[in-house]
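# Observations on chain architecture
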Amino acid sequence: VQLVESGGGLVQPGGSLRLSCAASGFTFSRYGMNWYRQAPGKERERVAAINSDGDRTNYADSVKGRFTISRDNAKNTVYLQMNSLKPEDTALYYCNGAGSPFRWGQGTQVTVSQ
C-alpha cells in the first residue's frame, strides 16, 4: 500500500490550494477516504471524509464551508480543495482510509503566511 500526497505549498491568507493523494496497493473504490492534518505540537486531526462512492462527505467544523473533499475512483486519487486559507490551517496534510488502516505517507506541507 502506498499513499502519496502532493500539492502543498506556501500561500497567503485567503488563498487556495488543491491537494491530491494518489493511492495504490489496495482496492481504492472500496474504501472511504479521509484527509488529516497535524500542526507542530498538536495531535493529528481529521479534517474531511468521503465515502467510497463519493456521494457523502463530512468536515471538521474548523474547515466547513472552505474545504471540499472529492475523489476519482478511476484514478485512485482523493483531493482536497482548500479555499479561504487561514494561518491556522498551516500543517502537514495526510490522507488515509477511513479508520486509518494503512501506513501513513509522507504528507504534504501547507503553510499559510504573509
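Provided above is the structure to which this section pertains.
In short, a report on the structure. Position numbers for residues start from 1 in each chain and track the written sequence from start to end. For this predicted model, a pLDDT threshold of at least 70 governs which residues receive local features, and a threshold of 80 or more governs which side-chain atom pairs are given and counted, while totals over whole chains, interfaces and linings are taken from all residues. Where side-chain values are given, they derive from all heavy atoms of the structure, hydrogens and water being excluded.

### Comments concerning the nonpolar core
- What makes a nonpolar core is a set of buried Ala, Val, Leu, Ile, Met, Phe, Trp, Tyr and Cys residues whose side-chain atoms join them at distances within 4.5 Å. Exposure categories follow from relative accessible area, calculated using a 1.4 Å probe and restricted to protein chains: below 20% of the type maximum is buried, above 50% is exposed, and the middle band is partly exposed. Counting residues in each nonpolar core, the largest one holds 29 residues, and the members touching the most others are L3, W35, I69, V78, L80, M82 and Y93.
- For helices the rule is a DSSP run of H or I covering at least 4 residues; for strands it is a run of E covering at least 2, with both sets numbered from the N terminus onward. Breaking this core down by element, the ones donating at least two residues are β3 (17–24), β4 (33–38), β5 (45–50), β7 (67–72), β8 (77–82), β9 (91–97) and β10 (108–112).

### Some points on the state of the cysteines
- Any cysteine sulfur atom paired with another within 2.5 Å is treated as part of a disulfide. Scanning the entire structure with this criterion turns up one disulfide.
- Through a disulfide, C21 is tied to C95; the S-S separation comes to 1.8 Å. One end of the pair, C21, is in strand β3; the other, C95, is in strand β9, with 74 residues separating them in the sequence.
- Taking relative accessible area as the criterion, C21 reaches 0% and is therefore assigned buried.
- Under the relative-accessibility criterion, C95 is labelled buried at 0%.

### Focus on the environment of A49
- Structurally, A49 can be placed in strand β5.
- The class for A49 is buried, based on a relative accessible area of 11%.
- Sequence-wise, A49 and Y36 are 13 residues apart; in three dimensions their C-alpha atoms are separated by 9.0 Å.
- A contact between two residues is defined here by any heavy atoms of the two lying within 4.5 Å. Once residues lying within four places of it in the same chain are set aside, the contact partners of A49 are M33, N34, R56, T57, N58 and I69.

### A short note on the packing of aromatic side chains
- Between 30 and 60 degrees the pair is tilted, below 30 it is stacked and above 60 it is edge-to-face, where a pair is any two Phe, Tyr or Trp rings, Trp via its six-membered ring, whose centres lie within 6.5 Å. All chains considered together, the criterion is met by six aromatic pairs.
- Geometrically, the ring pair formed by F26 and F28 is tilted, given 6.3 Å between the ring centres and 55° between the ring planes.
- Its relative accessible area of 1% is what places F28 among the buried residues.
- Plain terms: the ring middles of F26 and Y31 are 5.2 Å apart, the flat faces sit at 85° to each other, and that makes the pair edge-to-face.
- For F26, a relative accessible area of 14% puts it in the buried group.
- Relative accessible area serves as the criterion here: at 31%, Y31 is assigned to the partly exposed category.
- Within the aromatic cluster, the residues linked to one another by ring pairs are F26, F28, Y31 and F102.
- Positioned above the aromatic ring of Y94, the side-chain terminus of R44 is 4.4 Å from the ring centre.
- Charge over a ring is defined by NZ of Lys or CZ of Arg lying within 6 Å of the ring centre and within 35 degrees of the ring normal. Lying over the aromatic face of W104, R44 brings its terminal NZ or CZ to 3.8 Å of the ring centre.

### Here we look at the sheet that holds strand β6 (residues 57–59)
- The sheet built from six strands is open, its strands ordered β2-β10-β9-β4-β5-β6 with mixed pairing. What marks the edges here is a single partner per strand, and that holds for β2 (9–11) and β6. The sheet shows a mean angle of 25° between the axes of neighbouring strands, direction not considered.
- Direction of pairing for β2 relative to β10: parallel, over a ladder of three bridges. Within β10, the residue paired with V11 across the bridge is V112. One bridge is not enough; two strands pair if DSSP finds at least two bridges between them. Throughout, an axis means a line fitted to C-alpha atoms (over the contacting stretch in the case of helices), and angles, computed between N-to-C directions, take values from 0 to 180 degrees.

### With respect to the sheet that holds β8
- Overall, antiparallel pairing links the four strands, which are arranged β1-β3-β8-β7 in an open sheet. The sheet is open, and its two edges are formed by β1 (2–6) and β7, each paired on a single side. On average, each strand axis in the sheet is tilted by 15° relative to the strand beside it, whichever way the strands run.
- Sheet topology places β3 next to β8; six bridges connect them, and they run antiparallel. Across the sheet, residue L19 finds its bridge partner in β8, namely L80.

It is worth stressing that arrangement in space is one thing and function is another; only the former is reported here.
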